[in-house]
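Close look at the chain arrangement
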Amino acid sequence: MTDDIRTLTARVAEEPSSLAFLELGEALRRRGQLEAAYKVARGGLARYPALADAHDLVARILGDQGDLAGAFDAWVEALRLDPMRIGALKGIAFLYFRAGDVPAALEHLQRAAEVDPDDESIIQAITRIRQVREAVPPDSARPAEAGQGAVRPDSDNGDHGSMLVDGNGLRLSGTVRSPAKEDVGDRVAAELAGVSKEAARTSRLLGLGIWQAIAVEAPDWNLFLVAPTPDTLLLTVGESSLPMARLALVADRAAREAREWLEQHA
């Protein structure tokens, strides 16, 4: 333990209400001690739930841990408390860009640039994203339109749901339901095998390489399809009110959990 961390730890222990937890959490994060950093940050957040700095710190730690959906939510809360918080604007911009939502990424970076026009890192990021946008044909980045038969998630919270299937269309876990609440998981799983093969074929024909994800927007539900492993597919479904970029982050977390589940049951 370095002297600065030792000193900050002692200070937080002696003064639990001190804001020193922000420095301690960041110092631990920078040293890669993410579990300890998260524990410190959550403890401070419990004492100061309306502190944007605390939510920003939690978001950075979660991002380092790979929980991008959690990081997104924490940065959104930080912005709610402090709409001009540059760290949160830049963080959400990165997550939107990672999820393929270039317009939303640019919007948040431009807001950050308005707050601090002298920040060169923001200007560079805007330039890079604009170059990427110009290099990608608009139609290739636009989600496909879905028909009226969109499926509903089988989820307790009604927010989103996931279903894992193998490459042959066999459902491995989870399910989805029709608007009439009928379990249609097996039928959807069988169709997904064909979707994956067609996506791979189209990617080869267009010289795009291996496909990464398929996003589908429908009037009531959005769908996001990823491949946790070369032999499996994961369908994540969310209400249309859930931004596609947010759904992509949820799918990313579900894919990591699916890989862990598959390793345990191998």
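Residues numbered from 1 in each chain as written. Predicted model: local features only at pLDDT ≥ 70, side-chain atom pairs only at ≥ 80, totals over all residues. Heavy atoms only, no water.

Packing of helix α3 (residues 34-47) against helix α4 (residues 52-65) brings their axes to within 9 Å, and their N-to-C directions diverge by 155 degrees. Overall, the two elements α3 and α4 adopt an arrangement that is roughly antiparallel. Considering only the axes of α3 and α4, their crossing is left-handed. Contacts between α3 and α4 involve Leu34, Glu35, Ala37, Tyr38, Ala41, Arg42 and Leu45 from the first element and Ala54, His55, Leu57, Val58, Ile61, Leu62, Asp64 and Gln65 from the second. Within the contact of α3 with α4, the residues separate by chemical class into 10 nonpolar, two polar and three charged. (Axes fitted to C-alpha atoms, helices over the stretch in contact; angles between N-to-C directions. Helix = DSSP H or I, 4+ residues; strand = E, 2+ residues; numbered from the N terminus. Parallel < 35°, antiparallel > 145°, perpendicular 65-115°, else oblique. Left-handed = near helix turned anticlockwise from the far one by under 90°. Contact = heavy atoms within 4.5 Å. Nonpolar A, V, L, I, M, F, W, Y, C, P; charged D, E, K, R; others polar.)

Glancing now at the environment of Asp166. With respect to the element layout, Asp166 can be found in strand β3 (residues 160-166). Sequence separation between Asp166 and Ala227 is 61 residues; the distance between their C-alpha atoms is 9.5 Å. In terms of polar contacts, Asp166 uses its side chain to reach the backbone amide nitrogen of Asn168, at 3.0 Å. (Polar contact = N/O pair within 3.5 Å; in protein donor to acceptor, adjacent residues only side chain to side chain.)

Here we come to a nonpolar patch on the surface. A cluster of nonpolar side chains, Leu170, Leu172 and Trp261, forms an exposed patch at the surface whose accessible area comes to about 260 Å². For Leu172, a relative accessible area of 32% corresponds to the partly exposed category. (Patch = residues over 30% accessible without salt bridge, like charges linked within 9 Å, V, L, I, M, F, W, Y side chains within 5 Å. Areas by Shrake-Rupley, 256 points an atom, 1.4 Å probe, with all protein chains shown as cover. Salt bridge = Lys/Arg side-chain N within 4 Å of Asp/Glu carboxyl O. Buried < 20%, exposed > 50% of the residue type's maximum accessible area, 1.4 Å probe, protein only.)

For the rest of this paragraph, the subject is the pattern of salt bridges. Applying the stated rule across the entire model yields 11 salt bridges. With a closest N to O distance of 3.0 Å, Glu26 and Arg60 form a salt bridge. Residue Glu26 is found in helix α2 (residues 20-30), and its partner Arg60 is found in helix α4; the two are separated by 34 residues along the sequence. The exposure class of Glu26 is buried, given its relative accessible area of 13%.

What follows is about the packing of aromatic side chains. If you walk through the whole model with that rule in mind, you get two aromatic pairs. Pairing Phe21 with Tyr48 gives two aromatic rings, centres 6.2 Å apart and planes at 10 degrees, and the pair type is stacked. Of this pair, Phe21 sits in helix α2 while Tyr48 sits in the loop between α3 and α4, and the two are 27 residues apart along the sequence. Judged by its relative accessible area of 1%, Phe21 falls in the buried class. On the basis of relative accessibility, which here comes to 27%, the residue Tyr48 falls in the partly exposed class. (Phe/Tyr/Trp six-rings, centres within 6.5 Å; stacked < 30°, edge-to-face > 60°.)

A word on the confidence of the model for the chain. Averaged over all residues, the pLDDT of the chain is 81; the fraction at 70 or higher stands at 89%. Under a pLDDT of 50 for its full length, residues 137-160 has, in the predicted model, 46 contacts with residues more than four places off or in other chains. (pLDDT = per-residue confidence, 0-100.)

Two numbers describe a pair of packed helices, the interaxial angle and the distance between the axes. Relative to each other, α4 and helix α5 (residues 68-81) sit at 165 degrees, their axes nearing to 8 Å. What the angle tells us is that α4 and α5 run roughly antiparallel. In the crossing of α4 with α5, the sense of the turn from one axis to the other is left-handed. Note on element contacts: α5 touches α4 through Leu68, Gly70, Ala71, Ala74, Trp75, Glu77, Ala78 and Leu81, opposite Ala52, His55, Asp56, Val58, Ala59, Arg60, Leu62 and Gly63. When grouped by side-chain class, the residues that make up the contact of α4 with α5 number 10 nonpolar, three polar and three charged.

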